Structures are given as C-alpha cells and as structure tokens.
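One-letter residues, chain by chain:
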Amino acid sequence: MSDIANQTANAGRLRADFSEIASVLRDAESILAYSHVRPDGDAIGSVLALGMALKESGKTNVTLWSEDGVPESLAFLDADGMISKPDTKPRTFDTVVALDTAAYKRAGDTVLAAITPGATLINIDHHASNDGYGQLNHIDPSSPATGQILFEFLATAKLPITPSVAAALYAAIATDTGFFQYPGTTDRTHEIIAELIRKGADAPAIAARLNDNSPRRRFDLMRVFLDRAKFDPSGRIAWSVLPIADAKSVGAKPEDTEGLIDLIRGVEGVVVAVFFEEMPEEKVRISTRSKSRSVDVSAICAKLGGGGHPAAAGARFAGTLAEAESRVLKLVNDALD
Ligand SMILES: [Mn+2]
C-alpha cells in the first residue's frame, strides 16, 4: 500500500492556518478529497462541500472518493454524482484532503492504495484522537462537526458557498450534532446554520430527506434491535446486539445501523449505551454513547484500539459477540463506578 502519511517537519502540528491550507489548494492542479469508511453525514457532506466549492472556484481537476460509496440516505446531496468509489489503479494528485478521518487508515485500503505517493496531504478533522498524520493539519476537537470547521475554512479562504455547498454543510453539521442537540453544539454552530440558510440551504427540506425517508428494512432492523436490547440492573447501561443472521434476515445494508443506538441512548436513566454489531470473520463493531460528562466513552474505546469523542466513540473487537459484550460491559461498569 502506498503511504502518503506525514513524514515531514510538520509532524504533530495540529492547527495549520486556514490561509496556509488555502494557498496549497490554490496552487494545486489536481485535488482529491475523501473521508472515512462507512461514511456518515459529516463525512459525505464535508467531502461534497469542499469538492463543489473548489469546482465552483474554477478548479477543473477535483476528484471525490468514498471507499464505501454514498449511502442511499445521503445520495440527494450529490445530485451530480461527484463522489465515486476509488480507482483500481493508483492515480497521481498534487494535493489530497482527508476530511473527518480520525486516523490515516480510516480512509479505507482501496482509497489509500489508489493514491500515488508524493501528494501533499491535508488533514481537516474534529476528532481529538487525530494525531496529525497530514503534512498540513487542522484538527479542532472543540468543533461538533468537520462540516463546521469547513464552513470557517471556506469563509476565510473566500471559496464560494453556493446553495449546494450550503446544503452539504447543513447536512454535515445537523447529522453530527444529532440536529443540534449533542454537547459540542455551540452558539457558533447556530450562527453558521443561520448563515447556511441565508446562502440557500433549505433546512426543512434537508431535514425531511434525512429523517422522514428511512427504508422499510430499517424499520424491520429497529424491531430486531429493540427486541434484543437489554439494561443492567441499575438502568444506567443499555445495550443491544445485532448478529449477522438477523441483519441478513431483514435485508439490511451496512449503513442501516447508523443511529440505532439513539433508540436506547434516549431512555431515561441511561448513562452509557452500547451497540454490538457482528461483522464477518469473528469481528464485532462496537459503538458507544455517553450522556454524562464524567464518563468518556472515547477512553473506553481507546482501550479496545478505537477512538472518537467523549460522548460518542467506537472500536473494532476481534472475537465473538458474547466476548465483546462481556469485555465492554466490564469496562463500562468500571467507568461508572
Ligand atoms: Mn464528524
């Protein structure tokens, strides 16, 4: 695999000036932007917003990749089909921009293998665990979404925020903040949202597309999820498991599990919610949420080799569902004591 991760004097510098990033992009002939595997709204919205703004500014050679494509629920943001799966042969870019991608490898193996070494790597993200793997990094964990950082960047760099760019940023920020509810959402977030609406984002229409259009198979998946949900005796820990066989039985796609955890997170008294999703080859995808500032689920996930934010984090576990359950519930219990 080609490796374009940071080997420069900038290593560890986490807050490059927007003007520095803007000048690298201004000089670039060919630009690639990508985000992480299993993309969410912040990933797709951020990649699209940057791609569309660069094109609008006159850049002709702009490529947008997503290892796992665009989830059905977010496809409406990409009306022109700008995002594609990566090429199978390596391609050369002057500048590569990783967005919302906490670790270099989270881009996905196919994406990384398709980039010829030598590109300048720009890394813009809001995950505290991001170590600054780019040559130019702008990591701001105080921001609730990469889309929010990107708005500030586009505004500072005077890149055009068209109605489509505004819609993509609105979707990025709305989804990553749970529609402006999660901690990290600030007065600045709301100011930016107001500005995006002024610039043409149709907030109610976007919200309706995101929230009122889930496929029937997702409803069937919710049934399975709720049926398997459990609570510890104190009612402070809630969790559910999804065996592969159950996901198959309702015809679920990988993206359909997004947000299921909120069904148990929202229950009164629940402090920590955990979702265990069985993956092929005896692996388990673990998602965690915390409603208490005194329980940092990213620290719990770090012990499992994962990461994220204090209130929302995840990890991969090698083992069975039952093994993952006992290991993680023990860690959560310890954190609650
Ligand atoms: Mn994000």
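Small disclaimer: the values here were computed from a predicted structure and weren't measured.

Each value, and the rule that gives it
Residues numbered from 1 in each chain as written. Predicted model: local features only at pLDDT ≥ 70, side-chain atom pairs only at ≥ 80, totals over all residues. Heavy atoms only, no water. Helix = DSSP H or I, 4+ residues; strand = E, 2+ residues; numbered from the N terminus. Polar contact = N/O pair within 3.5 Å; in protein donor to acceptor, adjacent residues only side chain to side chain. Contact = heavy atoms within 4.5 Å. Donors = N, O, S within 2.8 Å, 3.2 Å for Na, K, Ca; no water. Salt bridge = Lys/Arg side-chain N within 4 Å of Asp/Glu carboxyl O. Pairing = 2+ DSSP bridges. Axes fitted to C-alpha atoms, helices over the stretch in contact; angles between N-to-C directions. Parallel < 35°, antiparallel > 145°, perpendicular 65-115°, else oblique. Left-handed = near helix turned anticlockwise from the far one by under 90°. Nonpolar A, V, L, I, M, F, W, Y, C, P; charged D, E, K, R; others polar.

Moving on, we get to the side chain of serine 66. As for its position among the elements, serine 66 is in the loop between strand 2 (61-65) and strand 3 (83-84). A polar side-chain atom of serine 66 sits 2.6 Å from the main-chain carbonyl oxygen of glycine 69. Aside from chain neighbours lying at most four places away, what touches serine 66 is Pro39, Ile44, Ile83, Ser84, Lys85 and Pro86.

Before going further, it helps to spend a moment on the coordination of the manganese ion. Under ideal tetrahedral coordination, the four donors around a metal are separated by 109.5 degrees; under ideal octahedral coordination, the six donors are separated by 90 or 180 degrees. Within the first shell, the manganese ion binds the protein through Asp42 (OD), Asp100 (OD), His126 (NE2) and Asp176 (OD), at distances of 2.1 to 2.3 Å. Ordering the donors of the manganese ion by residue number gives the pattern D-x57-D-x25-H-x49-D. Placement of aspartate 42 in helix 2 (residues 41-56) and of aspartate 176 in helix 5 (residues 163-176) is noted, with a sequence separation of 134 residues between them.

On to the pattern of salt bridges, then. Taken as a whole and assessed by the stated rule, the structure comprises 15 salt bridges. One salt bridge in this structure joins arginine 217 and glutamate 72, with 3.6 Å as the shortest N-O distance. With arginine 217 in helix 8 (residues 216-227) and glutamate 72 in the loop between strand 2 and strand 3, the pair connects residues that are 145 residues apart, well separated along the chain. A salt bridge links aspartate 220 to arginine 216; the shortest N-O distance between them is 4.0 Å. Residue aspartate 220 and its partner arginine 216 are both found in helix 8; the two are separated by 4 residues, about one turn of the helix.

Let us now look at the sheet that holds strand 7 (residues 230-231). Spatial strand order, 7-8-9-10-12-11: 6 strands in an open sheet with mixed pairing. Looking at strand neighbours, the two that pair on one side only are strand 7 and strand 11 (307-309), the edges of this open sheet. Bridging between strand 10 (residues 283-290) and strand 12 (residues 312-318) involves 7 bridges; their strand directions are antiparallel. Residue pairing across strands places isoleucine 286 opposite alanine 315, the latter belonging to strand 12.

The interhelical angle for the contact between helix 2 and helix 4 (residues 146-156), taken along N-to-C directions, is 15°, at an axis separation of 9 Å. In terms of their interaxial angle, helix 2 and helix 4 are classed as roughly parallel. Our pair here, helix 2 against helix 4, has a crossing hand that is left-handed. Contacts between helix 2 and helix 4 involve Asp42, Ser46, Ala49, Leu50 and Ala53 from the first element and Thr146, Gly147, Leu150, Phe153 and Leu154 from the second. Considering only residue class, the contact of helix 2 with helix 4 consists of 6 nonpolar, 3 polar and 1 charged.

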